Amino acid sequence: MQLSFTPEQDAFRLEVRQWLQNHVPQTRLPSFDTEAGFALHREWERTLAKGNFGMVTWPKDYGGRGLNLIEWLIFEEEYYRAGAPGRVNQNGIFLLGPTLMEFGTDAQKARFLPAMASGDEIWAQAWSEPQAGSDLAAVATTAVRDGDHYVLNGHKIWSSRAVFADWAFVLVRTEAGSQRHKGLSLVLMDLKIEGVTVNPIPQIDGEAGFAEIFLENARVPVANRLGDEGQGWHVCMATAGFERGLMLRSPARYQEAARKLSALYLEHQDRLDPAIGRDVAQAWMNAQAYALSIYSTACRLQAGGSIGAEASCNKIFWSEMDIALHQTALAILGPYAELAEPMANNHDWLGGYLFSLAGPIYAGSNEIQRNIIAERVLGMPRG
Amino acid sequence: MDFAFAEEQRAIAEVVSSLLTDQCTGADLRRLMDSGQTHDAARWNALMELGLSGILVPEDKGGLGLSETDFVLVARACGHAALPEPLVEQAGVVIPLLAALDHPRAEEWLQKALAGEAVIALAHPVNPFVCGAENADALLLVQDGQLHLVARNQVQMDTHASIDPFRRLSTVTATLTAETVVAEASVCAPLLAQTLERATVFAAAQCLGLAERSVELAVAYANERTQFGKPIGTYQAVKHLLATAQVKIEFARPVIYAAAAEIGANNALSRARASHAKLAAVEAASLAARTSIQVHGAMGYSWEVDVHFLLKRGLALGGSWGDETFHRARVLACALSSPAADSGFAFTASKDTLAHAA
């Protein structure tokens with residue numbers, strides 16, 4: 001056990017810190033769930049790409065930096081420390097990118113990865129349907145072969161970023177009459193083609209962070225199928241592993257939030273019940289525990305281990321920690337908490353709180369995660 | 001950066017663990033409880049024969065010269081078995097303190113303790129009681145900042161029962177003189193502080209073991225016990241209780257291991273880490289024990305199953321070596337110390353890096 005960084009890792013941290021100091025926008029960008037904000041965040045993705053700081057975990061062959069997991073954690077710490085904008089490209093970086101690398105053909109990789117890395121094409125995920133949420137295998141959207149195209153019909157929903165995104169990776173049923181996990185395929189679809197209608201759905205914060213997508217005879221080239229026909233469930237589970245595991249929620253995000261919470265507490269301490277200090281300390285501990293756990297997992301993975309059902313523990317922990325942390329901030333703010341826009345230069349705790357409420361729902365609800373822990377970590381019988 | 005234990009570190013814990021699987025079963029605990037004793041001499045001798053008493057003692061003092069990281073998994077194994085005998089307290093806490101004293105009488109008792117011929121109890125100022133003083137051959141006492149070492153027959157004690165059948169709590173008084181001093185105040189204070197850090201981390205490791213055992217017992221029972229025609233473990237209400245306890249365990253574990261590895265840093269972050277480790281582990285042990293009782297149903301509220309041993313040990317360790325109030329205050333102080341700087345990260349980069357960036 002050796003819990004310190006190498007000189008090379010320290011040097012990398014410094015490089016990242018200095019680059020970010022020179023490039024992070026001075027003022028906070030508008031939300032990427034607004035049209036103007038989306039465009040500005042796309043510009044930021046292009047800036048990152050130019051500095052080769054966009055897809056740091058991708059292999060060099062695909063335009064990344066080939067960072068190992070420890071270096072990625074260092075990068076993330078510096079990224080959040082610098083207050084850099086959120087990643088509008090998150091679906092591409094962490095979900096579709098790795099999935100394409102694993103399952104894509106050479107032609108697909110050449111066509112899609114560079115544009116994903118440069119920020120020129122932003123991706124949305126189109127898996128859920130009104131009747132297929134936690135029970136994803138109930139997907140009913142059909143894709144019928146017509147020459148060298150699939151003809152898609154169906155209704156996708158809860159697609160994050162889909163309102164302004166360029167492309168979506170869509171889970172469809174390619175085998176007529178197939179049931180459950182069988183007969184599904186994953187296809188890459190241009191959201192601007194005929195037969196695709198994207199309707200924004202206002203989220204709890206009023207912004208159109210997700211959308212529903214209506215597919216009416218939308219034609220997608222067969223060449224855009226990712227993986228073999230009928231292999232869709234397998235591909236999706238690999239992607240979901242990326243989503244629940246290390247990549248979606250880096251510890252730095254919470255450590256930075258806990259640091260801001262400490263500062264907020266100090267600022268208001270004079271008028272606060274000292275008991276709130278307990279929650280501030282708990283937030284600090286939770287963020288530390290999450291970071292230590294992720295560092296520990298990263299070390300294990302680098303030594304050749306794999307991540308399995310324990311990723312479900314991570315998902316429960318970060319989502320619950322995020323809510324508790326923001327609740328504490330709102331308790332400190334007291335009568336100021338309800339202001340729809342934060343006071344000048346203040347952190348948007350209210351927005352963060354509302355967003356945290358989505359945590360236990362997306363990427364597999366926490367109820368599903370608890371089933372996974374019970375059955376696959378603890379070895380309890382399936383119901 | 002490497003979070004993994006070495007093979008030898010796992011092997012040491014495995015030796016202890018397998019001895020305890022044989023000699024510290026629920027039936028063994030019950031037999032000892034029925035006898036009214038708190039220690040089993042045969043098991044203690046077997047543990048002493050493993051040669052771990054000097055694990056944290058430098059080699060030139062007759063020990064193995066190993067570190068807290070080498071012992072933390074042993075402490076976890078002791079918690080897992082709810083071991084009554086004071087292996088953790090002796091090898092992990094008192095003996096390293098004795099070894100750090102530069103005094104002939106301390107040296108004499110150190111050699112006896114290393115040989116398994118004597119048990120020494122410590123009246124640390126953070127604890128209102130001395131646990132196990134009755135069974136000790138000598139005691140370390142603090143008065144006016146000085147550390148004294150006295151034989152058992154030189155002290156008077158008032159002893160109380162603990163809810164844990166294998167712990168007895170004493171308040172100790174003795175006539176202390178210049179002859180009984182083994183460390184002056186200036187030497188004693190940092191040693192007691194260091195001892196507290198070790199005791200805190202090893203109490204946390206024991207609680208981790210307790211928590212893991214509580215969940216194991218509950219899972220085994222839930223998979224076997226049938227109601228409404230199927231094992232109760234198939235019901236989501238039961239699964240989710242245990243999954244919640246497991247999450248607590250998973251996020252206490254790396255904190256405890258990091259706390260053991262960082263103890264030598266002896267700075268505000270390492271102390272906050274030790275406190276965090278204990279808070280998280282005590283909470284995990286408490287939730288896991290309560291959950292296990294719930295899953296066992298009426299059986300869980302009885303002495304029929306072993307869960308009550310785990311609950312009681314967790315309760316005892318929760319208040320020892322700094323209670324919740326003490327450790328939360330240390331964590332909060334660290335969290336608020338310099339929120340504008342780099343204190344938010346789990347590990348710090350080298351000072352040179354940060355200085356350069358500034």
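Residues numbered from 1 in each chain as written. Chains lettered and ligands numbered in written order. Predicted model: local features only at pLDDT ≥ 70, side-chain atom pairs only at ≥ 80, totals over all residues. Heavy atoms only, no water.

In the nomenclature of an unreviewed UniProt entry, chain B corresponds to Acyl-CoA dehydrogenase family protein from the organism Brevundimonas terrae. In UniProt, chain B has this text filed under Sequence similarities (unreviewed entry): "Belongs to the acyl-CoA dehydrogenase family." (UniProt positions renumbered as here; feature names shortened; annotations may be inferred.)

An unreviewed UniProt entry annotates chain A as Acyl-CoA dehydrogenase family protein originating from Brevundimonas terrae. Database annotation for chain A, UniProt heading Sequence similarities (unreviewed entry): "Belongs to the acyl-CoA dehydrogenase family."

Visitor: Requested: an account of the overall build of chain A, with residues and values cited.
Guide: The helix and strand tally for chain A stands at 11 helices and eight strands. Taken along the three principal axes of its C-alpha coordinates, chain A extends 70 × 50 × 45 Å. Per-residue burial for chain A yields a buried fraction of 55% across its 383 residues. Of the charged side chains in chain A, 33 are positive and 44 negative, and the gap between their average positions amounts to 3 Å. (Helix = DSSP H or I, 4+ residues; strand = E, 2+ residues; numbered from the N terminus. Buried < 20%, exposed > 50% of the residue type's maximum accessible area, 1.4 Å probe, protein only. Lys, Arg positive; Asp, Glu negative; His and termini not counted. Charge placed at Lys NZ, Arg CZ, Asp CG, Glu CD.)

Visitor: Residue-level account of the nonpolar core, with values.
Guide: Among the nonpolar cores identified, the biggest contains 175 residues, and Leu87 and Ile256 of chain B are the most heavily contacted of them. Of all the elements, helix H8 (residues 275-302) of chain A adds the most residues to this core, at 15 residues. For Leu87 of chain B, the contacting residues outside a window of four places in its chain are Val16, Trp44, Leu47, Met48, Phe71, Val74, Cys78 and Gly92 of chain B. With 29 residues, the next largest nonpolar core counts Trp109, Ala138, Leu140 and Cys188 of chain B among its residues. (Core = buried A, V, L, I, M, F, W, Y, C linked by side-chain atoms within 4.5 Å. Contact = heavy atoms within 4.5 Å.)

Visitor: Explain helix H10 (residues 268-296) of chain B to me, using residue names and the numbers behind them.
Guide: All names here are of chain B. In this model, H10 (29 residues) spans 42 Å end to end at C-alpha, consistent with the 42 Å of a helix rising 1.5 Å per residue. Within H10, 22 of the 29 residues are buried, which leaves the element mostly enclosed by the surrounding structure. Measuring from the backbone nitrogen of Leu269 back to the side-chain oxygen at the start of H10 gives 3.1 Å, which picks out Asn267 as the cap. Two residues or fewer past H10, Gly297 is found with a positive phi of approximately 65°. (Expected span 1.5 Å × (residues − 1). Polar contact = N/O pair within 3.5 Å; in protein donor to acceptor, adjacent residues only side chain to side chain.)

Visitor: With reference to specific residues and values, describe unusual backbone geometry.
Guide: With a phi angle near 55°, Ala363 of chain A is a residue other than glycine that sits in the positive phi range. Note on placement: Ala363 of chain A falls in the loop between helix H10 (349-356) and helix H11 (366-377). One non-glycine residue, Trp321 of chain B, adopts positive backbone phi at about 55°. For Trp321 of chain B, the location among the structural elements is in the loop between helix H11 (307-319) and helix H12 (324-337).

Visitor: Which residues make up the domain arrangement of chain A, and what are the values?
Guide: Residue and element names in this part refer to chain A. Taken domain by domain, chain A holds domain 1 (7-88), domain 2 (123-231) and domain 3 (245-377). Its C-alpha centre places domain 1 at a distance of 21 Å from the equivalent point of domain 3. Taken together, the contacts link 12 residues of domain 1 with 16 residues of domain 3. At the boundary of domain 1 with domain 3, total buried surface from both sides reaches about 1,200 Å², with 67% on carbon and sulfur atoms. The interface formed by domain 1 and domain 3 holds five residue pairs in polar contact (both at pLDDT 80 or more) in total. Classifying every residue of the side of domain 1 that touches domain 3 by side-chain character gives six nonpolar, two polar and four charged. (Domains from an automatic or database assignment. Buried area = accessible area lost by both parts, 1.4 Å probe. Nonpolar A, V, L, I, M, F, W, Y, C, P; charged D, E, K, R; others polar.)

Visitor: So, the side chain of Asn366 of chain A: which residues are in play, and what are the values?
Guide: Residues and elements named next belong to chain A. Tracing the backbone through its elements, the reader meets Asn366 in helix H11. The exposure class of Asn366 is buried, given its relative accessible area of 3%. Reaching out from Asn366, the side chain makes a polar contact with the side chain of Ser319 at a distance of 2.9 Å. When neighbours within four sequence positions are excluded, Asn366 is seen to be in contact with Lys315, Ile316, Ser319, Glu320, Gly359 and Pro360.

Visitor: Tell me what's going on with the UniProt feature "domain: Acyl-CoA oxidase/dehydrogenase middle" (unreviewed entry) in chain A, and back it up with residues and numbers.
Guide: UniProt's entry tags residues 124-216 of chain A with the feature "domain: Acyl-CoA oxidase/dehydrogenase middle" (unreviewed entry), counted in the numbering of this structure. Taken end to end, residues 124-216 of chain A has its terminal C-alpha atoms 18 Å apart, with 0% of it in helix and 51% in strand.

Visitor: Lay out the interface of chain B and chain A with the relevant residues and their values.
Guide: The figure often quoted for interface size is the accessible area lost as the parts come together. With 58 residues of chain B at the contact, the number on the chain A side is 53 residues. A combined buried area of about 5,000 Å² lies between chain B and chain A, and 69% of that area is made up of carbon and sulfur atoms. It is Met1, Phe251 and Phe345 of chain B that lose the most area in chain B upon contact with chain A, and together they represent 16% of the buried surface on that side. The tally of links from chain B across to chain A stands at two salt bridges. Between Arg278 of chain A and Glu324 of chain B there is a salt bridge, with its nearest N and O atoms 3.0 Å apart. Linking chain B to chain A there are 14 residue pairs in polar contact (both at pLDDT 80 or more). Every element with two or more residues in the side of chain B that touches chain A is listed here: helix H7 (185-224), helix H8 (236-250), helix H9 (253-262), H10, H12 and helix H13 (351-357) of chain B. Among the elements that make up the side of chain B that touches chain A, the one with the highest residue count is H8 of chain B (10 residues). When the residues that make up the side of chain B that touches chain A are grouped by side-chain class, the tally is 35 nonpolar, 15 polar and eight charged. (Salt bridge = Lys/Arg side-chain N within 4 Å of Asp/Glu carboxyl O.)

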